[in-house]
Amino acid sequence: MEDMSSRKMHLATILSNGFGGSPYAWLDPRVDPGDFTNIRALARYAQAAERGKLDFIFLGDFLAQSQRVEEQSPSQTLEPTVIAAALAMVTERIGMINVVSATFEEPYNIARVLKSLDVVSGGRMGWNAVTTSAPPAAANFGRSVIDRETRYALIEEVIRAVQALWGSWQEDALLADKPARRFTDLSKIAPVNFVGEFISTRGPLEVPPSRQGQPVMSHSGAGPHSHDLAGRHADVFITEVFTIDEARQHRAAVRDAARSAGRNPDDVKFMAGVQPTIADSHAEALKRRGRLVGPADLQNVRYLGQLIGLPLGPKDLDAPLRPEQLAVARAHPADGRSYRALEVAREGWTVRQVLHHAVIDYHPSPIGRPEAIADHMQEWFEAEAADGFWVSPDIFIDGMDTFVDDVVPILQERGLFRQEYEGQTLRDHLGIERQYGLRRTSARP
Ligand SMILES: Cc1cc2nc3c(=O)[nH]c(=O)nc-3n(C[C@H](O)[C@H](O)[C@H](O)COP(=O)(O)O)c2cc1C
């Protein structure tokens, strides 16, 4: 076990588009709507995250149209490997973890693109291997969604094939010996001849080791298949969890899976999402949240009703819940968010304001002063609900700087987060072992 007093959290941010975590961020008067394709905007946010000494930037990839309604921006437009290559040139230390789907991409391509990025970035890349299950993504590849068993059997093979390819240029293959006229020792760049049930690849991959050897392994998902896969392969597990209890259960499942695979569970960093709205006061933060909702979100009032066991509709938005309603309200046990929703409703806010508290967002969304955000993260971290957080500021144009300049220093003062980068590579930031080629300890499923 790690020594609790010296345990530090890991921090990441998600640069999905040029605007922010909120699909309404583009409407902010200060935001240039052209930023959704402006790599310079992303570069500025990546540099801010690096100023905050964050471990890495996460770049998702949904492989399909992401915009749902006209008033919301797409959540992603530019292809993530292109973004990572550009960001590698304007940052020095921060890592990048890119999603690449193991369901729709070939292992040779995955291995080549990511190891190239790892070399170009000086050992700062990670691969977030996912099993993409969205029908619109499948349709873009002329396929239908395959069942979960098969997707997880396939990703297992793809990960092994990719890692075998990464190791196929051995670490001492490069000679660069001019007098001997030998660039490499070709006996050390050998085919892998990987033949699986679903995929095969010959190799070798003609990309030398990066500064950290090869990319860090990451995985995102939920449920037992995903936890087992992360236990076997992931250095970083990036997930969506709404409550401390839920996070602790999932983290324990991933750690158990790591132990079963013969690994040290501390080597899998469990990262929970946080979508903060930061302002000078709780009231200001609520106002800011209020600007980040549109008509589509008002449908959420019905969902809020289901969470707390009351038939709520748009007509209920502008009044607090009445005592007789609160008397019969009950948190829905199947959705961890319902407890927090009921707690906020009991504080006497209007129903609209309850929604502005972000009680049914995709992630826990602490709102208020920087201390409130830091308190949330500290509480989760000390409850061993997470090893770190992927932080999605609501509007990047000021939210990224506010997180980095106002929240990170509080975490540092409290001894919860590093003051400086201690190493050069993503592996260094995460404090995980070097791995080259296939993981030695990974037991077959
Ligand atoms: C936090 C998180 C991030 C994800 N990011 C992506 C992504 O960028 N691209 C993608 O295709 N799928 C992504 N997924 C979805 C997974 O690939 C998978 O389809 C989903 O977890 C359902 O898988 P299941 O069969 O295990 O339930 C993500 C899932 C989670 C939990």
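See the structure above.
Described in the following lines is the structure provided in the data block. Note that the structure is predicted; figures quoted are calculated from it, not measured.

1. So, the layout of surface pockets
Logical step 1: Estimated volume of the second largest pocket: approximately 560 Å³.
Logical step 2: Along the walls of the second largest pocket sit 23 residues, with Phe242, Arg340, Pro364, His376 and Trp380 positioned nearest its centre.
Logical step 3: Elements supplying a minimum of two residues to the lining of the second largest pocket: α12 (337-346) and α14 (370-382).
Logical step 4: The biggest single contributor to the lining of the second largest pocket is α14, with five residues.

2. With respect to the nonpolar core
Logical step 1: Counting 75 residues, the largest nonpolar core has Leu11, Leu15, Trp127, Met377 and Phe389 as the members making the most contacts within it.
Logical step 2: Sort the elements by how many residues they give to this core and helix α5 (residues 148-166) lands first, with nine residues.
Logical step 3: Met377 has contacts with Met9, Leu11, Val274, Phe389, Val391, Phe403 and Leu411, leaving out every residue within four places of it along the chain.
Logical step 4: In this structure, Ala341, Val344, Val351 and Val354 belong to the second largest nonpolar core, which totals 20 residues.

3. Here's the deal with the packing of α14 against helix α15 (residues 396-413)
Logical step 1: The contact between α14 and α15 brings their axes to 9 Å, and the two run at 50°. Between α14 and α15, the angle is such that the two are oblique. Crossing geometry of α14 relative to α15 is assigned as right-handed. Where α14 abuts α15, its residues Pro370, Glu371, Ile373, Ala374 and Met377 lie against Phe403, Asp406, Val407, Ile410 and Leu411.
Logical step 2: Along the lines of polarity and charge, the residues of the contact of α14 with α15 split into eight nonpolar, no polar and two charged.

4. What to know about the site of the ligand
Logical step 1: Lining the immediate environment of the ligand, one finds 18 residues, of which Asp61, Thr132, Ser133, Arg148 and Tyr152 sit closest.
Logical step 2: In the model, an oxygen atom of the ligand is placed 2.6 Å from a nitrogen or oxygen of the Tyr152 side chain.
Logical step 3: In isolation the ligand exposes 630 Å². Once the protein is present, 87% of that is buried.
Logical step 4: Those elements that place two or more of their residues in the shell around the ligand are α5 and β10 (236-239).
Logical step 5: Sorting elements by how many residues they give to the shell around the ligand places α5 first, with three residues.
Logical step 6: Grouping the constituent residues of the shell around the ligand by class yields seven nonpolar, seven polar and four charged.

5. A short note on the environment of Leu27
Logical step 1: Inspection of the secondary structure puts Leu27 in the loop between β1 (10-14) and α1 (39-51).
Logical step 2: For Leu27, a relative accessible area of 46% puts it in the partly exposed group.
Logical step 3: For the pair Leu27 and Arg291, spaced 264 residues apart in sequence, the C-alpha separation works out to 9.2 Å.

6. Let's talk about a nonpolar patch on the surface
Logical step 1: Nonpolar side chains collect at one region of the surface, where Met89, Val90 and Val120 lie side by side and expose about 280 Å² of accessible area between them.
Logical step 2: By secondary structure assignment, the location of Val120 is in helix α3 (residues 107-120).

Calculation criteria
Residues numbered from 1 in each chain as written. Predicted model: local features only at pLDDT ≥ 70, side-chain atom pairs only at ≥ 80, totals over all residues. Heavy atoms only, no water. 1 Å grid on protein atoms, 1.4 Å probe; cavity = no way out; pocket = protein on both sides within 12 Å on 5 of 7 lines; lining within 4 Å. Points joined across faces, edges and corners; volume = space filled by probe spheres on them. Helix = DSSP H or I, 4+ residues; strand = E, 2+ residues; numbered from the N terminus. Core = buried A, V, L, I, M, F, W, Y, C linked by side-chain atoms within 4.5 Å. Buried < 20%, exposed > 50% of the residue type's maximum accessible area, 1.4 Å probe, protein only. Contact = heavy atoms within 4.5 Å. Axes fitted to C-alpha atoms, helices over the stretch in contact; angles between N-to-C directions. Parallel < 35°, antiparallel > 145°, perpendicular 65-115°, else oblique. Left-handed = near helix turned anticlockwise from the far one by under 90°. Nonpolar A, V, L, I, M, F, W, Y, C, P; charged D, E, K, R; others polar. Near = heavy atom within 4 Å. Polar contact = N/O pair within 3.5 Å; in protein donor to acceptor, adjacent residues only side chain to side chain. Areas by Shrake-Rupley, 256 points an atom, 1.4 Å probe, with all protein chains shown as cover. Patch = residues over 30% accessible without salt bridge, like charges linked within 9 Å, V, L, I, M, F, W, Y side chains within 5 Å. Salt bridge = Lys/Arg side-chain N within 4 Å of Asp/Glu carboxyl O.

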